[in-house]
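# Observations on chain architecture
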Amino acid sequence: MPVQTIEIMVKWVENHLTEDPTLKDMSSYVGYSPFYCSAKFREYMGMTYKQFLAQRRLTAAANDLRSTDDKITDIAFRYGYSSSESLTKAFGAMFKCSPRQYRKASSASFEQRTPQGIASPEFANVKE
């Protein structure tokens, strides 16, 4: 399997995060068996498809927490969690804080605006 196929798989997952993307659907899209895709995905990515999907969903949820005022429950449902509690549990395991704490900390860093841009470390290298 060429590396480009792995890149296609990753992009497919990214484009389907809110649609419950299954390994079977992804493998059908790229034209290989689920077993083969699973093995190659793990080989190239260093994690299983399921682990990657969970990580990407949590990262997308974190982005939504930072960039929207959507309710935490709505964000949880958007990324396949059955409740805000299930999102909070998974979020805490990855980010070591609750979604509410993350949003509050992100809001505080965004309030540090200067005329030149945002004075936050994550934007330090962004060219305007």
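For every chain, the first residue of the written sequence is number 1, and numbering continues from 1 onward in sequence order. In keeping with the predicted nature of the model, local features appear solely for residues at pLDDT of at least 70, side-chain atom pairs appear and are counted solely at 80 or more, and the whole-chain, interface and lining totals rest on all residues. Side-chain descriptors were evaluated using all non-hydrogen atoms of the structure, hydrogens and water having been removed beforehand.

### With respect to the pattern of salt bridges
Any two side chains of opposite charge can pair if their charged atoms end up close together. Criterion for a salt bridge: a side-chain nitrogen of Lys or Arg within 4 Å of a carboxyl oxygen of Asp or Glu. If you walk through the whole model with that rule in mind, you get 5 salt bridges. Where glutamate 14 meets arginine 56, a salt bridge forms, and the shortest distance between an N and an O atom there is 2.3 Å. Here arginine 56 lies in helix α4 (residues 49–67) and glutamate 14 lies in helix α1 (residues 3–15), a separation of 42 residues in the sequence. Here's how the labels work: a residue is buried when its accessible area is under 20% of the maximum for its type, exposed when over 50%, partly exposed in between, all with a 1.4 Å probe on protein chains only. Taking the relative accessible area as the measure of exposure, glutamate 14 reaches 31% and is therefore partly exposed. Between arginine 57 and aspartate 20 there is a salt bridge whose closest N-O contact spans 3.6 Å. Of this pair, arginine 57 sits in helix α4 while aspartate 20 sits in the loop between α1 and α2 (23–30); the two residues are 37 residues apart in sequence, bridging distant segments of the chain. The buried category is assigned to arginine 57, whose relative accessible area is 11%. Under the DSSP-based scheme used, a helix requires at least four consecutive residues in state H or I and a strand at least two consecutive residues in state E, with every element numbered from the N terminus.

### Looking at the packing of α4 against helix α6 (residues 84–95)
Angles here are taken between N-to-C directions and fall from 0 to 180 degrees, while the axes themselves are lines fitted to C-alpha atoms, restricted in helices to the stretch in contact. Packing of α4 against α6 brings their axes to within 10 Å, and their N-to-C directions diverge by 95 degrees. On the basis of the axis angle, α4 is roughly perpendicular to α6. Two secondary-structure elements touch here, α4 through Gln55, Leu58, Thr59, Ala61, Ala62 and Leu65 and α6 through Leu87, Ala90, Phe91, Met94 and Phe95. The labels follow the angle: roughly parallel below 35 degrees, roughly antiparallel above 145, roughly perpendicular from 65 to 115, and oblique for the rest. By definition in these notes, contact holds between two residues if any of their heavy atoms fall within 4.5 Å.

### Considering the packing of α1 against helix α3 (residues 34–45)
Where α1 meets α3, the axes come as close as 10 Å, and the angle between the chain directions of the two elements is 95 degrees. Between α1 and α3, the interaxial angle falls into the category roughly perpendicular. Where α1 approaches α3, its residues Val3, Ile6, Met9 and Val10 are matched on the opposing element by Cys37, Lys40, Phe41, Tyr44 and Met45. Split by residue class, the contact of α1 with α3 holds 8 nonpolar, no polar and 1 charged. Nonpolar residues are Ala, Val, Leu, Ile, Met, Phe, Trp, Tyr, Cys and Pro. Charged residues are Asp, Glu, Lys and Arg, and all others, Gly as well, are polar.

### Points about the environment of methionine 9
Residue position: methionine 9 is located in helix α1. Residue methionine 9 is classed as buried on the basis of its relative accessible area of 0%. A C-alpha to C-alpha distance of 8.3 Å links methionine 9 and phenylalanine 41, two positions 32 residues apart in sequence. Leaving out residues up to four positions away in the same chain, methionine 9 has contacts with Met1, Met26, Val30, Cys37 and Phe41.

### Description of unusual backbone geometry
Of note, aspartate 20 is a non-glycine position whose phi angle comes to about 55 degrees, a positive value. For lysine 96, which is not a glycine, the phi torsion comes out positive at approximately 60 degrees. Along the chain, the position of lysine 96 falls in the loop between α6 and α7 (99–110). The class for lysine 96 is exposed, based on a relative accessible area of 69%.

### Quick notes on the confidence of the model for the chain
In predicted models, pLDDT denotes the confidence assigned by the predictor to each residue on a 0 to 100 scale. For the chain, the mean per-residue pLDDT works out to 84, and 84% of the residues sit at or above 70. A low-confidence stretch, residues 111–128 (pLDDT under 50), is modelled with 13 contacts involving residues beyond four sequence positions or located in other chains.

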